[in-house]
Amino acid sequence: MLEILETCNCETCTDRCYFFKNLNKAEYDRLHLDKKTYKYTKGEVIVKSGAENPFLLLLTEGYCKLVIESNFSNSFIIEVVKSAGLINMNFLANHFHAPMSVIALSDVRICAFEINGVIEALKTNSLFGFDMLQYTNINGKKRFERLASIALKQTRGKLADTILYLSETFDSMHIDSLFSRKDLAELSNLSTENTIRTLKQFEEEGIIRSDKRALDILDMDLLHRASNMG
């Protein structure tokens, strides 16, 4: 259930995005003035596809997924966002209407900044604007790489890339149990059946070890080989 939390101070917060470092005190105060802090529980919809959302959303705790939904009861998870990440940076050019849904993968905490304050800071602080552009470019590069994998590779290559992507997201060879087999399938644009069968193959080849929903990478070289073979 959505819970409204006491708003923290951006200037002293240790969970803020790195590109906030070049804001001055007046800009911090302006952002803080219209900011709200929320807590969502695992599975809750944070933003619904098509809904108006005139806020810049910063994830300060937990994980969430960005989901493109279709009319055919299947979905595609385009991105997993972790703490200190912007959830909806790419929504802002869409007249603030979300082109995809945002769903909590765990209990999460989010800071919502009224967009006019952010736009003011972008117009007046070139360092802040450059840092945000750099963040967006890095994020966009990762998204393009994932989309290229899904468009060009076969089942094994797609799933290998998804596991590598999650390993980078968690900065670990252990993939947390936050992700169901259906989530792995939707990250890879595969059916759940194909995902389960390919995970079993990876286990038999000694690439991973799976324990219920969590999995561990046992051989990173073999996983990269599966990715490169496509």
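So, here's what we can say about the structure. (Residues numbered from 1 in each chain as written. Predicted model: local features only at pLDDT ≥ 70, side-chain atom pairs only at ≥ 80, totals over all residues. Heavy atoms only, no water.)

## Re the sheet that holds strand 10 (residues 174-175)
- Overall, antiparallel pairing links the three strands, which are arranged 10-12-11 in an open sheet. If you trace the sheet from one side to the other, it starts and ends with strand 10 and strand 11 (208-211), each paired once. (Pairing = 2+ DSSP bridges. Helix = DSSP H or I, 4+ residues; strand = E, 2+ residues; numbered from the N terminus.)

## Topic: helix 5 (residues 181-188)
- Counting buried residues along helix 5, seven of its eight residues qualify, which places the element largely inside the surrounding structure.
- Listing the buried residues of helix 5 in full gives Arg181, Asp183, Leu184, Ala185, Glu186, Leu187 and Ser188.
- Looking at the residues trailing helix 5, positive phi occurs at Asn189, about 55 degrees. (Buried < 20%, exposed > 50% of the residue type's maximum accessible area, 1.4 Å probe, protein only.)

## Details of the packing of aromatic side chains
- Inspection of the entire model under this criterion finds two aromatic pairs.
- Pairing Phe170 with Phe179 gives two aromatic rings, centres 5.7 Å apart and planes at 90 degrees, and the pair type is edge-to-face.
- Classification of Phe170 by relative accessible area gives buried; the value is 16%.
- Pairwise contacts between aromatic rings join Tyr63, Phe170 and Phe179 into one cluster.
- The ring of Tyr165 carries Arg146 above its face, with NZ or CZ at 4.8 Å from the centroid. (Phe/Tyr/Trp six-rings, centres within 6.5 Å; stacked < 30°, edge-to-face > 60°. Lys NZ or Arg CZ within 6 Å of the ring centre and 35° of its normal.)

## As for the sheet that holds strand 3 (residues 45-47)
- Sheet architecture is open: four strands sit in the order 3-8-5-6, paired in antiparallel fashion. With partners counted over all chains shown, the strands left at the sheet margins are strand 3 and strand 6 (75-82), one partner each. Ignoring which end each strand starts from, the neighbouring axes of this sheet average 30 degrees apart.
- Direction of pairing for strand 3 relative to strand 8 (residues 101-104): antiparallel, over a ladder of two bridges. When the sheet's bridge partners are listed, Val47 is paired in strand 8 with Val102.
- Of the strands in this sheet, strand 5 (63-69) and strand 6 touch helix 4 (residues 155-170), which is tilted by about 25 degrees from strand 6.
- Helix 5 rests against strand 5 and strand 6 of the sheet, and its axis sits at about 100 degrees to strand 6. (Axes fitted to C-alpha atoms, helices over the stretch in contact; angles between N-to-C directions. Contact = heavy atoms within 4.5 Å.)

## Quick word on the side chain of Asp216
- On the secondary structure map, Asp216 appears in strand 12 (residues 214-217).
- Only 2.8 Å separates the side chain of Asp216 from the side chain of His174, close enough to count as a polar contact.
- Ignoring anything within four residues of it in the chain, the contact list for Asp216 reads Met173, His174, Ile207, Ile208 and Arg209. (Polar contact = N/O pair within 3.5 Å; in protein donor to acceptor, adjacent residues only side chain to side chain.)

## Looking at the pairing of strand 6
- With six of its eight residues buried, strand 6 lies for the most part within the structure.
- In this sheet, strand 6 lies alongside strand 5 in antiparallel orientation, the contact comprising seven bridges. Paired with Ile68 across the two strands is Phe76, which belongs to strand 6.

## Observations regarding the pattern of salt bridges
- Tallied over the entire structure, the rule returns 14 salt bridges.
- Residue Asp131 is joined to Lys21 by a salt bridge in which the shortest nitrogen-to-oxygen separation is 3.4 Å. Here Asp131, found in helix 3 (residues 126-152), pairs with Lys21, found in the loop between strand 1 (3-5) and helix 1 (25-33); they are 110 residues apart in sequence, far enough to count as distant.
- Measuring nitrogen to oxygen at the nearest pair gives 3.5 Å for the salt bridge that ties Arg30 to Glu120. Taken together, the positions of Arg30 in helix 1 and Glu120 in helix 2 (residues 115-124) put the pair 90 residues apart, joining distant regions of the chain.
- The partly exposed category is assigned to Arg30, whose relative accessible area is 23%.
- For Glu120, a relative accessible area of 42% puts it in the partly exposed group. (Salt bridge = Lys/Arg side-chain N within 4 Å of Asp/Glu carboxyl O.)

## Describing unusual backbone geometry
- Even without glycine at this site, Asp171 takes up a positive phi of about 55 degrees.
- As for its placement among the helices and strands, Asp171 is situated in the loop between helix 4 and strand 10.
- In this structure Asp171 comes out as exposed when scored by relative accessible area, which is 67%.
- You will see that Asn189, though not glycine, has its phi angle at about 55 degrees, which is positive.
- Its location among the elements puts Asn189 in the loop between helix 5 and helix 6 (192-204).

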